[in-house]
Amino acid sequence: MSFVHLHVHSEYSLLDATCRLNQLIERALEYKMPALALTDHGVLSGAIEFYLRARECGIKPIIGCELYIAPQSRFEKRQSEKYYHLTVLARNEMGYRNLMKLTSLGYLEGFYYRPRVDKELLRQHSEGLLVLSGCLKGEIPTLLLRGDANAAEQAAREFQALFGKENFFIELQDHGLEEQRRLRAPLMDLAKQISAPVTASNDVHFLARVDHEAHEVFINIGSTKSTERRSYGQECYLKSPEEMARIFHDVPEALENTLRIAELCQLELDLSQRHLPYFELPPSEANADRYLEKLAWQGVRHRYPKLSPEIEERLHHEIEIIEQMGFASYFLIVQDFVQFAKSRGIPVGPGRGSAAGSLVCYALGITDVDPLKYGLIFERFLNPDRIELPDIDIDFCVRRRDEVIQYVQEKYGSDHVAQIVTFDTMAARSAVRDVARALQIAYTEADKIAKLIPFGASLEQALSASRELREQCEREEKTRRLIQVAEKLEGIARNPATHAAGVVIAPTEITRHTPLMRLSDGSIVTQYDMISVGAIGMLKMDFLGLRNLTVLEDTLKAVRESTGQPLDLHSIPLEDPTTYSMLQQGRTAGVFQLEGGGIREMLKRLEPTEFKDLIALLALYRPGPLESGMANDYIERKHHRQQISYPHPKLQGILEDTYGLPIYQDQVLMMARVMAGFSLAEADTLRKAIGKKNKALMEKMRQKFIEGCVKNQIPLKKAEALFADIGKFARYGFVKAHSTAYALISYWTAYLKANHPTFYLASLLTSVAGNAAKVREYINECRELGIQVLPPDINESQSDFTPIK
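Since we're looking at a predicted model, the values are computed, not measured.

Looking only at helix α19 (residues 467-475), the buried set comprises L469, Q472 and C473. Summarising the axial view, the buried residues of α19 lie within an arc of 100°, below the 170-degree limit, and thus occupy one face. What points out from α19, more than 90 degrees from its buried face, is the exposed set R467, E474 and R475. Buried positions along α19 lie against α17 (443-450), α18 (459-465) and α20 (477-489).

Another point: the environment of L105. Topologically, L105 is positioned in helix α3 (residues 93-108). In this structure L105 comes out as buried when scored by relative accessible area, which is 11%. Along the chain, L105 and V503 lie 398 residues apart, while their C-alpha atoms are 20 Å from each other. Ignoring sequence-local partners within four residues, the contact set of L105 consists of G110, R116, L121 and H125.

This part covers the nonpolar core. Counting 92 residues, the largest nonpolar core has L594, F611, F705 and Y747 as its most contacted members. It is helix α33 (residues 736-755) that contributes the most residues to this core, twelve residues altogether. Setting aside chain neighbours within four positions, we find Y747 in contact with I572, P573, L574, E575, D576, T579, Y580, F611 and L614. Listed in part, the 88 residues of the second largest apolar core include L36, A47, Y96 and L102.

Enumeration according to the criterion identifies 21 aromatic pairs in this entry. Consider the rings of Y374 and F611, whose centres lie 5.8 Å apart with planes at 65°: the pair is edge-to-face. In this pair, Y374 sits in the loop between α14 (359-364) and β8 (394-397) while F611 sits in helix α25 (residues 611-620), placing the two residues 237 residues apart along the sequence. The pair formed by Y374 and F611 is uniform in burial state, with each residue classed as buried. Look at F678 and F705: their rings are 6.0 Å apart centre to centre, the planes differ by 80°, and that puts the pair in the edge-to-face class. In this pair, F678 is assigned in the loop between α29 (665-676) and α30 (680-691) and F705 in helix α31 (residues 695-711), connecting sequence segments 27 residues apart. Relative accessible area serves as the criterion here: at 3%, F678 is assigned to the buried category. These aromatic residues form a ring-pair network of at least three members: Y374, Y580, F611, Y747 and Y751. Over the face of the ring belonging to Y113 we find K82, whose NZ or CZ atom lies 4.7 Å from the ring centre.

The domain architecture assigned to the chain consists of domain 1 (21-208 + 234-264), domain 2 (288-422 + 503-546) and domain 3 (428-490). Between the C-alpha centres of domain 2 and domain 3 the distance comes to 44 Å.

What follows covers the UniProt feature "domain: Polymerase/histidinol phosphatase N-terminal" (unreviewed entry) in the chain. This chain's UniProt record puts "domain: Polymerase/histidinol phosphatase N-terminal" (unreviewed entry) on residues 4-71. Regarding residues 4-71, the helix share stands at 29% and the strand share at 21%, and the terminal C-alpha atoms are separated by 30 Å.

Criteria and cut-off values
- Position numbers for residues start from 1 in each chain and track the written sequence from start to end.
- With pLDDT at 70 or above as the cut-off, local features in this predicted model cover only qualifying residues; side-chain atom pairs require 80 or more to be listed or tallied, and sums for whole chains, interfaces and linings still use all residues.
- Note: side-chain values were computed over all heavy atoms of the structure, leaving out hydrogens and water.
- The rule is simple: take the accessible area with a 1.4 Å probe, protein chains only, and divide by the maximum for that residue type; under 20% is buried, over 50% is exposed, in between is partly exposed.
- The numbering of helices and of strands both runs from the N terminus, where a helix is a DSSP run of H or I of at least 4 residues and a strand a run of E of at least 2.
- For this quantity, the arc is that covered by the directions from the helix axis to the C-beta atoms.
- The contact criterion used throughout is that any non-hydrogen atoms of two residues lie within 4.5 Å.
- What is meant by a nonpolar core is a set of buried Ala, Val, Leu, Ile, Met, Phe, Trp, Tyr and Cys residues, joined one to another through side-chain atoms within 4.5 Å.
- Classification of ring pairs rests on two measures: the distance between centres of Phe, Tyr or Trp rings, Trp counted by its six-membered ring, which must be within 6.5 Å, and the angle between planes, read as stacked under 30 degrees, edge-to-face over 60 and tilted in between.
- Here, a charge over a ring is recorded when the distance from Lys NZ or Arg CZ to the ring centre is within 6 Å and its angle to the ring normal is within 35 degrees.
- These domain boundaries are the output of an automatic or database domain assignment.
- UniProt positions are given in the numbering used here, feature names are shortened, and annotations may be inferred rather than shown by experiment.

Right, here's the structure in full:
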């Protein structure tokens, strides 16, 4: 007996279901089900992740939604019956696009307790959809339970007219509820009366019967009245085909029709396409490639008054790759909004991530780090052997970031641009507190238990690390039950929020590509998260608000106004002895990326004397280099307490700057190039294969590497040892472009603190008003530097501070 579940909720039915997508798919595989549907409440948030995972596992994904239907108009907000439920599945791509439109309009036009659509919208967007009559809260079951069989028949015929007779099924459910048993005969009679097929479903909200308690706790999180506790019972789980066959043994056609429906749903999504927005060229320009080339050459001449053959060759190379990959419009879009920000005096960061390794980005003014000066590699950013959208993330002044987003919305149209959703999940501590509240455990008790969990640790890690927590679980049934339930809910999506930085720009109306939702604060975001937005080929980028850029801008303004000194960040010398003296002492409170106790101690040991030391420090102060001893080796070699050695004499030119240690991914790429004759693109493919632990690709690249080394007169054993070294270094190595760009911000903040401490700390204090701990820390720093802070009784609630000497 085979069966397909067509009414399934995942964790994206927020605070209503606890099924995680990978668990649903694994269970369907275990049951040898040919297909599985996903029908979350009012949203498609999990659709792309579900579609991709299911196909990878050989399960046919059916994308659907349990829509909320307004009884009358979606614009009517004062109805006694707020909404009905309707199970809707996409038969094909048109159905999927209509589902995106419907779920978006449910939020944008029909929201009333839930995102609702009405029959007018169903009529407009019915093509490609297959409909089941719904659960107990569906319109037809509701009318039948009221005894109004005529109205139920009228509603059923209306759905047949809307979607076509072949696309409307009467849905039968049986979770042991009296109402469902009472409905079975009337629904069967109605189906015969209107010649509609019947189908069986289970209203899946949790994975297995044993999860029902955790689910009940989950749906009652936030409830303040114990008398209003909700429960779906024990039957709303993903049942096996055998279980469903026993329940519907008297209606075999209802089981068979689940397979028929799965066969009717033939959705094939082409996720290979990239959907880049159109960049409007100036009237004199006819081609995006040529316009990008023109701007790049103009920019590079501005950056380098004297062009060398190396610069010209590098720029030609990058432009050729960008054009071959079809990304000219992408670069034009980014340079346009970055130039807008700079023209309005909005501070922009010098670079972020691997984009700082691009000479084109530097020439266009997108970044302000010279990739040739610092030996940054373009292929780490854009690999011509791996067609992926580039990832250019930009830091803006936190105070004025929204101006840039508003500019993009106005330029490309508000219906083409949206911020991206993120889903807050239940971390271990919050899960314990939420579950305790739902279980009516006193807050003081729950708080004590939560505080036994180290920050950032999972419950499993906490139980392993905390003897007191383990003993309390063994001793007290209440604590044991609390932790067991919390473990099942840990990591589940709890509520949607606006991603701190993510923005998507679409070439056409955005709801043709991703559905939208409206959050409780009124903001409109995509229903898809960053990963799903990227998977469908949309142009996504991070518009990050960086507080330190605001502090820098405020400090420069204060210096100019108070001293008349025209100070510019890009003219600040990178060899200032006062700055390095402060860094060597570890006096880095308020210095970007260098505030923590651990990195301060490392600074004192490193005793940086030049800018390259800061670049290395940001790359080395991470778990891998620290645990492997590489960070310590760097410090010892810098101070000549450890002999400098190289894996091979040919690598001295690549590793000399870091005392023989490959601490950057760029160096790993160059090592593969020099030793094995790899192109930089091939070397980056090797790096990514190692990082992703792609064993098949790693073995392929290993053979190619060793063959290349042998051709270069390197003995076989040495070649094998070199490949092992590259594997190790690739795991530890950091993106030098990112480290360089962020080291520049670190240096700027350090320079201003060392040379203009009063102005810098005044700006810093203003930036953290409201953060009591930071205010106290920076006030203490002022006092240690002999800077008096007025007023003397300053507290964290104030919004402005005036330190004076």
